[in-house]
Amino acid sequence: MPRADMISVARLALGLLVLAAQSPTRVTSFHIPNPSARTLSARTSPSSPSQLHSSEPPSVTNPLSFLAKSRASNRENDVMVGEDAGVYDFDDEEWGALGDAGWVTFFAAVGTILTAVAVLWIYPPTGYGDDFVYFLEHDVARGNSHLVTLAFGIIFPIVHSGLASLRPLGEKVVGARTWRVIFAFPSLCLAYSWIVYFISHAHDGVQFYDISQVGWVHSLAWSINFISFLFLYPSVYNLKEVAAVEKPKTHLWETGIIRITRHPQYVGQAMWSAAHLAMVGTSFTALTMALLVAHHAFACWNGDRRLEAEHGENFLKIKEQTSVFPFQAIWEGRQQLPDDYWKELVRAPLILIAVGTIGAYFAHPYMQAGAALVRSSGLSAGGILDPVFLELN
């Protein structure tokens, strides 16, 4: 898609968000009383004056107000044991004071965890991310980038899915919020390093093909990539739970994208990987994409296992009405989409994701520049915790 068209789409999306935040429109009209009505009124109430008066007809709702407050769909065919995904009401949101379950605390929590990741992992003089990648490159892979991404593809799933599987035990020991931090920190560190390494080495290895300059291929890949981000698991919408501002829960979702596929993250990852492989076409990218999809395929089984352990019979009821493969449950007649299904999709969290996806597309040059800077910076051995480690030794 041409850059000018992309900018127009982004502006349109932002404009819709602004309109959505506006209050419903009310129309006030002025009428001259009917003379006959005035005469009748004078007979029954001689003292009533004859004058202009105003009236307020029924309010006209802004058609975009559903972005500020989600609307419920018709769920008469649902088993009604799971939650409605992406429900949002702007009036319920509060900034709050620091320490409350509001957005001030959210931004403080996110800023704190990202600062910790930056200091302890990303920034070479104080962090250990460069040491870790150097270890993989030189001590494990002996300079073979394919083996490095293979190592990432093994280590990341073990850490990420392993800590997710240990969640019931971990929450009993340290609590739900603390366990979320323990889970998130190593996952963010490893994800950052793997993404940066992929961007730096995407064109390594055998070049199977190069169709990146074909216009329709680029447009198709961009469209698939955009749609893939709409296939996020609904728990991602609950930002305050993600940041542990609110107590994290193992949700059982029943609506929204779950009607299409019970594991949207797997489907979205497969779409994203296919689109990027089509644009790059190298053996390194093919291996990395295969590892990512394989991890998410495992997460389908692991996710079902965890949901059944948490929700038991209720999960099995939803499992019966859904499928992993997109639309399978629908064409088999196990899932019936409501007539107003659009109400479950056109909700503020998904619109925000769509806008963010467009922003990420324009940020690609900066991502590539950042990855090149990281690669050229090389190794700065050790980090801020070295004195602690030395003291322990």
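This write-up is about the structure you can find in this document. Since this is a predicted model, take the numbers as computed values, not measurements.

Attention shifts here to the side chain of Thr-285. By the secondary structure assignment, Thr-285 is in helix H11 (residues 283-311). A distance of 3.1 Å separates the side chain of Thr-285 from the side chain of Thr-282, its partner in a polar contact. For Thr-285, the contacting residues outside a window of four places in its chain are Phe-198, Ala-202, His-276, Leu-277 and Val-280.

A few words on the packing of aromatic side chains. By the definition in use, this model includes 17 aromatic pairs. Their ring planes at 75° and their centres at 5.1 Å tell us that Phe-106 and Phe-107 sit as a pair that is edge-to-face. Aromatic ring contacts, followed pair by pair, group Trp-121, Phe-132, Phe-152, Phe-156, Trp-194, Tyr-197, Phe-198 and Phe-284 into a single cluster.

On to the packing of helix H8 (residues 215-228) against helix H10 (residues 264-280). Where H8 contacts H10, the axes come no closer than 8 Å and their chain directions differ by 160°. Between H8 and H10, the angle falls in the class roughly antiparallel. Viewed along their axes, H8 and H10 form a crossing whose handedness is left-handed. Side by side, H8 and H10 meet where Val-217, His-218, Ala-221, Ile-224, Asn-225, Ile-227 and Ser-228 of the first sit next to Gly-268, Met-271, Trp-272, Ala-275, His-276 and Met-279 of the second. A class-by-class count of the residues in the contact of H8 with H10 yields eight nonpolar, five polar and no charged.

Our next topic: helix H4 (residues 129-140). Compared with an ideal rise of 1.5 Å per residue, which puts twelve residues at 16 Å, H4 spans 15 Å between its outermost C-alpha atoms and is within 8% of the ideal. In this structure, the buried residues of H4 make contact with helix H3 (103-122), helix H5 (145-165) and helix H7 (176-201). The positive-phi residue at the C-terminal boundary of H4 is Arg-142, with phi of around 55°.

The next subject is the environment of Ala-72. By the secondary structure assignment, Ala-72 is in the loop between strand E2 (53-55) and H3. By relative accessible area, which is 56% here, Ala-72 ends up exposed. Put simply, Ala-72 and Val-87 are 15 residues apart on the chain and 8.3 Å apart in space, counted from C-alpha to C-alpha.

With that out of the way, let us pick up unusual backbone geometry. Backbone geometry places Met-80, a non-glycine residue, at a positive phi of 60°. Considering the arrangement of structural elements, one finds Met-80 in the loop between E2 and H3.

With that settled, the discussion passes to the pattern of salt bridges. Going through the model one piece at a time under the given rule, you end up with eleven salt bridges. The salt bridge partner of Arg-167 is Glu-171, with a shortest N-O separation of 2.7 Å. Of this pair, Arg-167 and Glu-171 both sit in helix H6 (residues 167-174), four residues apart, which is roughly one turn of the helix. Of the residues examined, Arg-167 reaches a relative accessible area of 10% and is grouped as buried.

Look at H11 against helix H12 (residues 313-321): their axes get within 6 Å of each other, and the N-to-C directions meet at 135°. Taken together, the axis directions place H11 and H12 in an arrangement best described as oblique. In this structure, H11 contributes Asp-304, Leu-307, Glu-308 and His-311 to the contact, and H12 contributes Glu-313, Asn-314, Phe-315, Leu-316 and Lys-319.

Analysis parameters
Residues numbered from 1 in each chain as written. Predicted model: local features only at pLDDT ≥ 70, side-chain atom pairs only at ≥ 80, totals over all residues. Heavy atoms only, no water. Helix = DSSP H or I, 4+ residues; strand = E, 2+ residues; numbered from the N terminus. Polar contact = N/O pair within 3.5 Å; in protein donor to acceptor, adjacent residues only side chain to side chain. Contact = heavy atoms within 4.5 Å. Phe/Tyr/Trp six-rings, centres within 6.5 Å; stacked < 30°, edge-to-face > 60°. Axes fitted to C-alpha atoms, helices over the stretch in contact; angles between N-to-C directions. Parallel < 35°, antiparallel > 145°, perpendicular 65-115°, else oblique. Left-handed = near helix turned anticlockwise from the far one by under 90°. Nonpolar A, V, L, I, M, F, W, Y, C, P; charged D, E, K, R; others polar. Expected span 1.5 Å × (residues − 1). Buried < 20%, exposed > 50% of the residue type's maximum accessible area, 1.4 Å probe, protein only. Salt bridge = Lys/Arg side-chain N within 4 Å of Asp/Glu carboxyl O.

These figures come from the coordinates and say nothing about function on their own.
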